[in-house]
Amino acid sequence: MRLAGMDLVGQLEVSYQAYDYVAKMLVADVPMYLEPHRFTTRASEIARDKPPKTLVVESSTLQVKDKERKDRCNIVNELQLSQALTRRSLACDLMGVCSFKVMERWHRYLFDQMQLPPPPHFRAPTLEQIVRTDKMAWLRMAETVDTLKIQPDGTKPLDAAIDTLRSDHTVTFHMLPMPGKSSPDDRKSDDKKRKQVDSDFEPRTAGLSAMVRRLGPNALGIDHAVSKRLKAPVIRLDLVSPAGRELLWRILKQDTVCRIHLVFAQILCKCGITPTPSSLLQAVDVVPPMRAAAAATGRQPTGHKLSQLEKGEADIARDRTQQMRRWILRATELSDLETSAKAEMSEHVREILQNKRIKLFEEMLEEAGSSDVSLAQDISEGFDLMGSNAAVARECTLASVAKHRDPETELELVNITEEEVKRGWLRGPVEVQSLPKTAVVSRRFGVKQNSIGEGGAPIVKVRPIDDLTESLVNLTNSASHTISPMSVDTIAAGILRRMHICGGSRLTSKTIDLRKAYKNLPLSKAALNDSYIVLFDPSKNKPVAYQSLVLPFGARAAVMGFCRTSYGIWEIARSLLGIHWSVYFDDYFVVTSEQESRHVDLALQTLFSLLGWETSGEKDAGFDTVSRVLGVMVDLTDSSDNLVRVTNTESRIKELVASMNQLIDKSRFRPGELRVLRGRLQFAENQLFGRAAGKHLKTLSRHAEMLGSGTVDSELTEALIYLRDRVILGPPRLLRAGTGQQFFLFTDASYEQGEVGLGGVLFDGFGNIVSWFGENLSDLDAVVLNPLEKETIIYECEALAFLLGIMHLLGQKELSPLTEVVGFLDNQAALQAFLTGRTHSRIVEVILREFDAFEVATGLTTWVDRVASAANPADEPSRSIHDSLPLELRVPLNREDILQRFDVLAS
């Protein structure tokens, strides 16, 4: 026997489904990623339930077949992963894909890397790194192996490819030790430094608290029920009792408490309080979920600057003019100091910053109250690229550049690089052999960016990218703070806040783009040895090197350094000049009234001129009621009526539609095409809310993660058509300042002895009952909800109760996009389905489709949350108990009409 000594039973007996999984790859005759989780055991396959039936069309005939199942095995430790990989080796050996010995040798190599002791302050490779490395290995084999067929001499192409993986740096790179704590003592010492406490009032508090603790702060859960197996500390408190509530307030008053997460109805009902948010807000100073967007206005003019908006535009303009005169005079006074400061700078830093007033910038930052006190000094010295622990992958980088790929892109990349040399941003070219031995070399490559011009003609340009991740430079960096770009949501929240304070005025806006953003900031003298880039020159037929003097596009430190600077400029204008604007990397979006637009424009031009920053004049369209920013159009035409419209730009719509039509028409795709399309669609879809869109984006993502080319099947076609039509026909996102009606919907269901009970109660924002329903379905009626004859259908019943509450209780009200609705369920599975828009149940899928259609038709965005069963006021009507509910507010439901309509939809 070839596998003598191996007993192929138990955990080593491969399921038939796993062989089918490998057979699909053989039919395609191209390597595809064989996911370890898909290699289940034969025992688990036998024990599983019978697969459901599905209708398929084959040869123009309708047939009933077993639905394809994609069972997955549970992998949580090294043993389970090792067993799954061994089952994969056995399946591939039996199917003739590769030899068992060769594939197992690759698997043993992966696990051997976990046993090697890591360097100080690094941790050994993890299970996630093994899976990631294995996936990258199959990706590399998909690029190098042309066929899986056994050759005439009996060799298997995949055997030779697998043996080369251990020397392929693009694969083994993912198994490098990562920065981390190498001993428990290090982790304990760091934990002692953290003093923040998060209190969490939600079922499964231990899980949420554990997630928070992994992010840094300490977290403490509080719940009425505590299980034996906990992921994080949880205090058992009964909030129904006065003693429990008193202890709760004592915990909340501690100085170490910095944030609270709670679920409204659960806490209130436990405390014996009517479930209304007004009573909660009186007890605890928190922001309701419906007001989460308003929190984003913290990045807009706040505090005393909001009070400035109230005192009138003329007074604001007068203060702004006074500030500009003051700083223009101060710039003159600091001219000698600026000159002496530049004389002390390194030569390349002085050349890059020759037009910048760093001392003025430093004083303005201090006056604005910026917390980034060292920013001006860091700019003067230049930014570092590397941290304290740097590994050099120089030979691998040079070897990857030496390959000739796309002559057209390479030639354009050389031309762009030579232009940067002329501008003083790079030095070179330098012969690769003459580079210092300690020099860190990163690969520069070109990315073709396709777009559609105003005339509809395609535009292709090459953007240079410096890959400092491949050279490991980026892995040496860390930061104590994160950058949170101010997205379209922040822009919209700021506009609505302004309208709420001083509504009625006609607003205008404009976008300001910094010219050659990263090229305005120098590297430090110490970083020059780490800033060499290398690219292939087709005219010389060899790699050439250059030394970067400015922040390279592709460095993690460059992003942090530039964003600190752009945020500093934003802080100065926001605080000192009272400018209402936001910043997204190098793009500023300014909002002002029509009357003061010229004054604001003059103030910003003066500010940028004083600080020595240039803006892109060709992108400056001036203040207007309609402006383009971050790929969307912000329409303030009806701002005097407190209305804002946000929609995707026409060029983005044309570009996305063209890409999707091309994929549908040619019926084939490459994963790279789908990944690019997915990124652009996610950015566009952010402006068009909807849970169904998220479901179709998941379908797109699943196909994008495939290895090798694939066929555009019916599922992917449906997703592309849906997303295309949303982009084309999707209405603008309408936002209006002000507060609409508030409703709180509680629903519940019961399923006992084959009978279904459905109940729902609707409250207004003051805690008053608006309407309610309670219906029972007999065992014959429940057949409609149970086509698969499952033992229990409580999941489907809970989802149906929520849909009925939305459509029949809320549907009777006059709804608008301003209406705020919070729905509460006590079933975790149903809650997750409404949150994500995804389910494995055909019945619930129909319910979600109806729910999404209702939201689209009414313009609502429903917030869904969980309520404890004991605190759910809909529990009684779902069990035919109506004593505590006013009969005059009951909404009767036509049971036959609901079931008949639902049966038609489901079929």
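Looking at an unreviewed UniProt entry, the protein carries the name Glycosyltransferase, with the source organism given as Durusdinium trenchii.

> Sorry if this is basic, but what is going on with the overall build of the protein here?
In terms of regular secondary structure, the protein is built from 33 helices and 27 strands. Within the protein, buried positions represent 48% of all 907 residues. For the protein, the proportion of contacts with a sequence separation of at least 24, taken over those separated by at least 6, is 71%.

> It is not clear to me how the side chain of histidine 703 should be interpreted in this structure. Could you clarify?
Within the element layout of this structure, histidine 703 appears in helix H27 (residues 691-704). Accessibility expressed as a relative area gives 7% for histidine 703, which makes it buried. Engagement of the side chain of histidine 703 in a polar contact is seen with the backbone oxygen of threonine 699, the distance being 2.9 Å. If we skip the residues at most four places from it in the chain, histidine 703 touches Phe669, Leu674, Asp713, Glu715 and Leu716.

> What's the story with the pairing of strand S14 (residues 542-548) in this structure? I'm lost.
Remark: a regular strand shows side chains that alternate across the two faces of the sheet. Counting buried residues in S14 gives 6 out of 7 residues, a clear majority hidden from the surface. Pairing of strand S13 (residues 532-537) with S14 involves 6 bridges; the strand directions are antiparallel. For tyrosine 532, the partnering residue across the bridge sits in S14 and is glutamine 547. Hairpin connection between S13 and S14: a loop of 4 residues separates the two successive antiparallel strands, and asparagine 541 in this loop has a positive phi of roughly 55°.

> So what exactly am I meant to see when it comes to the sheet that holds strand S23 (residues 742-752) here?
The strands that make up a sheet pair up through hydrogen bonds in the backbone, lying either parallel or antiparallel. Read from one edge to the other, the open sheet built from 5 strands follows the order S25-S24-S23-S26-S27, with strand pairing classed as mixed. Two strands close off the open sheet at either side, each with one partner strand: strand S25 (769-777) and strand S27 (863-866). Strand-to-strand twist across the sheet, computed as the mean angle between neighbouring axes with direction ignored, equals 15°. One ladder, built from 8 bridges, connects strand S24 (residues 755-764) with S25; its direction is antiparallel. Counted as the bridge partner of valine 756 is leucine 777 from S25. Strands S23, S24, S25, strand S26 (820-825) and S27 of the sheet are contacted by helix H29 (residues 794-810), whose axis makes an angle of about 145° with S23. Along the sheet, helix H30 (residues 828-836) contacts S26 and S27; its crossing angle with S27, the most-contacted strand, is approximately 160°.

> Hey, could you run me through the pairing of S23 in this one?
Where burial is concerned, most of S23 is hidden: 8 out of the 11 residues are buried. Taking the residues between adjacent antiparallel strands as the criterion, S23 and S24 are bridged by 2 residues, where glutamine 753 takes a positive phi near 55°.

> I tried to follow unusual backbone geometry on my own but got confused; where do I start?
Excluding glycine, a negative phi dihedral is what most residues carry, and trans is how most peptide bonds are arranged. Omega for the bond connecting glycine 428 with proline 429 falls within 30 degrees of zero, at 5°, which places this linkage in the cis form. Of note in the backbone geometry, lysine 516 takes a positive phi value of approximately 45° without being a glycine.

> Mind showing me how you'd approach the environment of threonine 133 here?
Along the polypeptide, threonine 133 turns up in helix H5 (residues 127-144). What makes threonine 133 buried here is its relative accessible area of 1%. Sequence separation between threonine 133 and leucine 176 is 43 residues; the distance between their C-alpha atoms is 10.0 Å. Setting aside residues no more than four positions away along its own chain, threonine 133 makes contact with Trp106, Leu110, Val171, His174 and Met175.

> Even after reading the chapter, I still don't get the nonpolar core, so can you show me in this structure?
Here is a general trend for soluble globular proteins: nonpolar side chains tend to be buried in one another's company. Counting residues in hydrophobic clusters, the biggest one holds 57 residues, and the most contacted among them are Ile569, Trp581 and Tyr588. Looking at which element gives the most residues to this core, the answer is helix H23 (residues 556-576), with 9 residues. Once residues within four sequence positions are removed from consideration, isoleucine 569 is found in contact with Phe361, Trp581, Tyr588, Leu607, Phe608, Leu611 and Trp613. By size, the runner-up hydrophobic cluster in this structure holds 43 residues, among which are Met25, Phe39, Ala91 and Tyr109.

> Looking at this model, I keep getting lost on the packing of helix H15 (residues 313-333) against helix H24 (residues 597-611). Mind explaining?
The axes of two packed helices give the description: the angle between them and the distance between them. Close contact between H15 and H24 brings their axes to 11 Å; oriented N to C, the two are set at 20°. Looking at the two axes, H15 sits roughly parallel to H24. Of the two possible hands of crossing, H15 and H24 adopt the one that is left-handed. Contact residues: H15 offers Ala317, Arg320, Thr321, Met324, Trp327, Ile328 and Ala331, while H24 offers His599, Val600, Ala603, Thr606, Leu607 and Leu610.

> Help me out: how do you make sense of the packing of aromatic side chains in this one?
Each aromatic ring pair is characterised by the separation of its centres together with the angle its planes make. The final tally for this structure, using the stated rule, is 14 aromatic pairs. With a centroid separation of 5.6 Å and 55° between ring planes, the pair formed by tyrosine 518 and phenylalanine 553 is classed as tilted. Here phenylalanine 553 lies in the loop between S14 and H23 and tyrosine 518 lies in the loop between strand S12 (507-513) and S13, a separation of 35 residues in the sequence. You can call tyrosine 518 buried: its relative accessible area is 11%. The partly exposed category is assigned to phenylalanine 553, whose relative accessible area is 34%. Note on tyrosine 584 and phenylalanine 585: the rings are 5.1 Å apart at their centroids and 80° apart in plane angle, and the pair reads as edge-to-face. What makes tyrosine 584 partly exposed here is its relative accessible area of 22%. Residue phenylalanine 585 is classed as partly exposed on the basis of its relative accessible area, which comes to 26%. Among the aromatic residues, those joined into a ring-pair cluster are Tyr518, Phe553 and Phe562. Seen from the ring of phenylalanine 553, arginine 463 lies directly overhead, with NZ or CZ sitting 5.3 Å from the centre. Arginine 574 extends its terminal NZ or CZ atom over the ring of tryptophan 570, reaching a point 5.6 Å from the ring centre.

> Help me understand the sheet that holds strand S15 (residues 581-584), please; the structure alone is not making it clear to me.
Pairing in this open sheet of 3 strands is antiparallel, and the strands run S12-S16-S15 from one edge to the other. Both edges of this open sheet fall to S12 and S15, since each of them pairs with a single strand only. Averaged over all pairs of adjacent strands, the angle between strand axes in this sheet comes to 15°, irrespective of strand direction. Where S12 lies against strand S16 (residues 587-593), 7 bridges are found, and the strand directions are antiparallel. If you follow isoleucine 512 over to S16, its bridge partner there is tyrosine 588. Taken strand by strand, H24 contacts S12, S15 and S16, and its axis lies near 150° from that of S16.

About the cut-offs
- Residues numbered from 1 in each chain as written.
- Predicted model: local features only at pLDDT ≥ 70, side-chain atom pairs only at ≥ 80, totals over all residues.
- Heavy atoms only, no water.
- Helix = DSSP H or I, 4+ residues; strand = E, 2+ residues; numbered from the N terminus.
- Buried < 20%, exposed > 50% of the residue type's maximum accessible area, 1.4 Å probe, protein only.
- Contact = heavy atoms within 4.5 Å.
- Polar contact = N/O pair within 3.5 Å; in protein donor to acceptor, adjacent residues only side chain to side chain.
- Pairing = 2+ DSSP bridges.
- Axes fitted to C-alpha atoms, helices over the stretch in contact; angles between N-to-C directions.
- Core = buried A, V, L, I, M, F, W, Y, C linked by side-chain atoms within 4.5 Å.
- Parallel < 35°, antiparallel > 145°, perpendicular 65-115°, else oblique.
- Left-handed = near helix turned anticlockwise from the far one by under 90°.
- Phe/Tyr/Trp six-rings, centres within 6.5 Å; stacked < 30°, edge-to-face > 60°.
- Lys NZ or Arg CZ within 6 Å of the ring centre and 35° of its normal.

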